[in-house]
Structure formats: C-alpha cells, structure tokens
Amino acid sequence: MLQVHQFACLDDNYGYLLHDSTSGETTCIDTPDAEAYLREAAAQGWTITQIWNTHWHPDHAGGNEAIKAAKGCRVTAPAAEADKIAGIDRTVAHGDTVALGGFTATVIDVGGHTNGHIAYHLPEASLAFVGDTIFALGCGRMFEGTPPQFWASLSRLKALPADTTLYCAHEYTASNARFALHADPENAALRAYADEVTDKRARGEWTVPTRLDKELAANPFLRADAPDMQARWAKNGGKIGDAVATFAALRAAKDGF
Ligand code: ZN
Ligand code: FE
C-alpha cells in the first residue's frame, strides 16, 4: 500500500513523504527542510530510502545533503538541473520511470517555473507530485521558462486522468483564488471553489492536495485554451484561438496583481 504523509514546513511549503508499506521504502518528495523531514519520518516509523527532487530551488532541494548524510538515501533529480542540485545519484528526464518498492512513478517534463522542472506521476495510485508547476487555483511563477514551454507543461498535466490527486508544493490558494476570481469572474465552479477555500483557511485547514478535475474547471491558467477565457483576456494580451498568448497574459497579470 502507498501512503502519503503531508506536513507544513518553512513558511508555506508542504513536505511530502511517500511510503510503500510492502517494501518499507520511503521517499522524500523534495527537501525544503531536512530537520522537518527527518522528524516527520521518524514519527511515522518510516526510514527514508530515497529523495525525489522536482526542481533546484532551495525550498525544494536545500535539504538533500543533510538528509542523505543522515540516511544514506538515493537521490533522483532532474537531469537538466543536475549542476544546481546537491547529492544526486540518478538524473531523470521526461518519460523515465522511478521505482518506490513495487510502485512506479513516471517523470513528466513540466519546465516553465524552472527550465528543468519535473513532476512525478504514479498512475497506480492516481496521484502526481507537481512541485511549483500547478498550485490549487494557480501555477508557479515563470522564473526561467517561456510561455510556449510552460503551456506545453500544463497541457501534459491536463492530459492526466481527471481524478488524479495533485500534490502541490505550497499553500498559496487564498491569494490564487483572489486572482482567479478577477481573471474568470463568471465561472460558477470557481466561485464555489473559492468559497470553500475561504472556509477552509478560516478554520486553518489545508487546501492542498487538490484534484485535476477541480483545477480543470476552475484554475484560470489551465483554462487558457477555453474560448471564453481567450475572449475575456483578448483586450489584455490574450488571443482568441491562442492558448499560449492567453496563458502568457494571465501569468503576466498575476505577477502584477
Ligand atoms: Zn520553486
Ligand atoms: Fe517552491
């Protein structure tokens, strides 16, 4: 059986430990905070055997060396960012697979937030670790990539089964919801989702993970290929029939929102 243990760490990151109870293997999904990961794994009674990095940012790979020093675990990281990530044992790229006991994760190229960003999709468990690519009602900042690249990455995630659980790396949903309502004010699914976010945050609850079908209906960045979004954003850089231009307009608007 595959289990995900989620915990808050740093200011607004989520840490994830993925555990296969049959083999006893446990992988860290990213390493924002080595101490928190070691503590949480010990509390679960799990021994960390692997680290899977999504991208090079310090709040995702900064704990690699300390966790590896403590546990001697095997580190898998994106090939395109190998020069920026410490402790790597194996580099992977789009289409490669990574094993955790009897479970297999497929690596998906989701470059855009950083150029070499990857996601890990576990089809048997209907879940994906998407790092800083998709957030609940948002997407990562485009620090390194280009709009066509980022849109292609989002399109690959959009094509996963709609019931896929998406484990995002940050709790940014309340601020994402404010922009989403500005970007797509007549979307009933979004309004309901945003109300739910307000209630959850008022109770101090997490809004992550989310599910792909929910994001497809309400996340403005995933709707850059929708004719109504393209028409709404046509005055601000979007373009009817052009998902890339509409995505670029949305991303730029969010940066300044
Ligand atoms: Zn990042
Ligand atoms: Fe991050």
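Up top is the structure these notes are about.
Conventions used here
- Residues numbered from 1 in each chain as written.
- Chains lettered and ligands numbered in written order.
- Predicted model: local features only at pLDDT ≥ 70, side-chain atom pairs only at ≥ 80, totals over all residues.
- Heavy atoms only, no water.
- Helix = DSSP H or I, 4+ residues; strand = E, 2+ residues; numbered from the N terminus.
- Rg over C-alpha atoms; globule rule 2.2 N^0.38 Å.
- Buried < 20%, exposed > 50% of the residue type's maximum accessible area, 1.4 Å probe, protein only.
- Contact = heavy atoms within 4.5 Å.
- Donors = N, O, S within 2.8 Å, 3.2 Å for Na, K, Ca; no water.
- Tetrahedral: all angles 85-135°; square planar, octahedral: opposite > 155°, others 65-115°.
- Phe/Tyr/Trp six-rings, centres within 6.5 Å; stacked < 30°, edge-to-face > 60°.
- Lys NZ or Arg CZ within 6 Å of the ring centre and 35° of its normal.
- Polar contact = N/O pair within 3.5 Å; in protein donor to acceptor, adjacent residues only side chain to side chain.
- Pairing = 2+ DSSP bridges.
- Axes fitted to C-alpha atoms, helices over the stretch in contact; angles between N-to-C directions.
- Right-handed = clockwise from strand over helix to strand, strands pointing away.
- Parallel < 35°, antiparallel > 145°, perpendicular 65-115°, else oblique.
- Left-handed = near helix turned anticlockwise from the far one by under 90°.
- Nonpolar A, V, L, I, M, F, W, Y, C, P; charged D, E, K, R; others polar.
- Salt bridge = Lys/Arg side-chain N within 4 Å of Asp/Glu carboxyl O.

K.L.:
How should I be thinking about the overall build of the chain in this particular structure?
P.N.:
Per the secondary structure count, the chain includes nine helices and 14 strands. At 18 Å, the chain has a C-alpha radius of gyration in line with the 18 Å of a compact globule built from 257 residues. Looking at the 257 residues of the chain, the share that counts as buried comes to 51%. In the chain, the share of contacts with a sequence separation of at least 24, taken over all contacts with a separation of at least 6, comes to 58%.

K.L.:
Whenever I open this one, the coordination of the zinc ion (ligand 1) confuses me. Can you help?
P.N.:
A metal bound by six donors in octahedral fashion has ideal angles of 90 or 180 degrees, whereas one bound by four tetrahedral donors has an ideal angle of 109.5 degrees. For the zinc ion (ligand 1), the protein coordination sphere consists of H55 (NE2), H57 (ND1), H113 (NE2) and D132 (OD), at 2.2 to 2.3 Å. Coordination at the zinc ion (ligand 1) is irregular, judged from the four donor atoms that bind it and the angles of 85 to 171 degrees they form at the metal.

K.L.:
It is not clear to me how the packing of aromatic side chains should be interpreted in this structure. Could you clarify?
P.N.:
We describe a pair of aromatic rings using the distance from one ring centre to the other and the angle between the two ring planes. What the rule picks out here adds up to 14 aromatic pairs. Between W52 and Y120, the aromatic rings sit 5.2 Å apart at their centres with planes inclined by 25 degrees, giving stacked as the arrangement. Of the two residues, W52 is situated in strand β4 (residues 50-52) and Y120 in strand β9 (residues 118-122); the sequence distance between them amounts to 68 residues. Taken together, the aromatic side chains of F150, W151, F179, F221, W233, F247 and F257 make up a single cluster linked through ring pairs. For the cation-ring pair, K214 lies above Y193, with the distance from its terminal atom to the ring centre recorded as 4.3 Å.

K.L.:
Help me understand the side chain of N13 in this model?
P.N.:
Its place among the elements puts N13 in strand β2 (residues 13-20). Using a relative accessible area of 4% as the deciding quantity, one classes N13 as buried. For N13, the side chain forms a polar contact with the side chain of D59, separated by 3.1 Å. For N13, the residues in contact, after removing those within four places along its chain, are F7, A8, P32, D59, H60, A169 and H170.

K.L.:
Looking at this structure, I do not really get the sheet that holds strand β5 (residues 74-78). What am I missing?
P.N.:
By definition, the strands of a sheet pair up through backbone hydrogen bonds, in either a parallel or an antiparallel sense. Across the sheet, which stays open at both edges, the six strands sit in the order β1-β2-β3-β4-β5-β6 with mixed pairing between neighbours. Pairing within the sheet leaves two strands with one partner each, and these edge strands are β1 (2-9) and β6 (90-92). Within the sheet, the average angular offset between the axes of one strand and its neighbour, ignoring direction, is 20 degrees. In terms of strand pairing, β1 meets β2 through eight bridges, oriented antiparallel. By the bridge assignment for β2, H5 is matched with L17.

K.L.:
Could you clarify how one ought to interpret the pairing of strand β3 (residues 26-29) in this entry?
P.N.:
The side chains of a regular strand alternate, first on one face of the sheet and then on the other. Along β3, one buried face is formed by T26 and C28 and the opposite face, lined by T27 and I29, is buried too. Where β2 lies against β3, four bridges are found, and the strand directions are antiparallel. Bridge pairing links Y16 to I29 in β3. Relative to β4, β3 runs parallel, the two sharing three bridges. If you follow T27 over to β4, its bridge partner there is Q50. One crossover worth recording links β3 to the parallel β4 by way of helix α1 (residues 34-44), and it is right-handed.

K.L.:
Even after reading the chapter, I still don't get the packing of helix α5 (residues 173-183) against helix α9 (residues 243-255), so can you show me in this structure?
P.N.:
A packed helix pair is summarised by two numbers, namely the angle formed by the two axes and the spacing between the axes. Taken N-terminus to C-terminus, the directions of α5 and α9 make an angle of 125 degrees; their axes are 11 Å apart at the nearest point. On the basis of their axis angle, the class for α5 and α9 is oblique. Both α5 and α9 take part in a crossing whose hand is right-handed. When α5 is examined against α9, the residues S175, N176, F179 and A183 are found in contact with a partner set consisting of L250, A253 and K254. Classifying every residue of the contact of α5 with α9 gives four nonpolar, two polar and one charged.

K.L.:
It is not clear to me how the pattern of salt bridges should be interpreted in this structure. Could you clarify?
P.N.:
A side chain of one charge can pair with a side chain of the opposite charge when the charged atoms of the two come close. Throughout the structure, instances matching the rule amount to 13 salt bridges. We note a salt bridge from D225 to K158, for which the minimum N-O separation is 3.2 Å. In this pair, D225 sits in the loop between α7 (212-218) and α8 (227-232) while K158 sits in helix α4 (residues 147-158), placing the two residues 67 residues apart along the sequence. Accessibility expressed as a relative area gives 38% for D225, which makes it partly exposed. Ionic pairing is found between E186 and R232, a salt bridge with its closest N-O pair at 3.3 Å. Taken together, the residues span a long stretch of sequence, with E186 in the loop between α5 and α6 (188-202) and R232 in helix α8 at a distance of 46 residues. A relative accessible area of 66% means that E186 is categorised as exposed. Connected through shared salt-bridge partners, R141, R251 and D255 make up one network.

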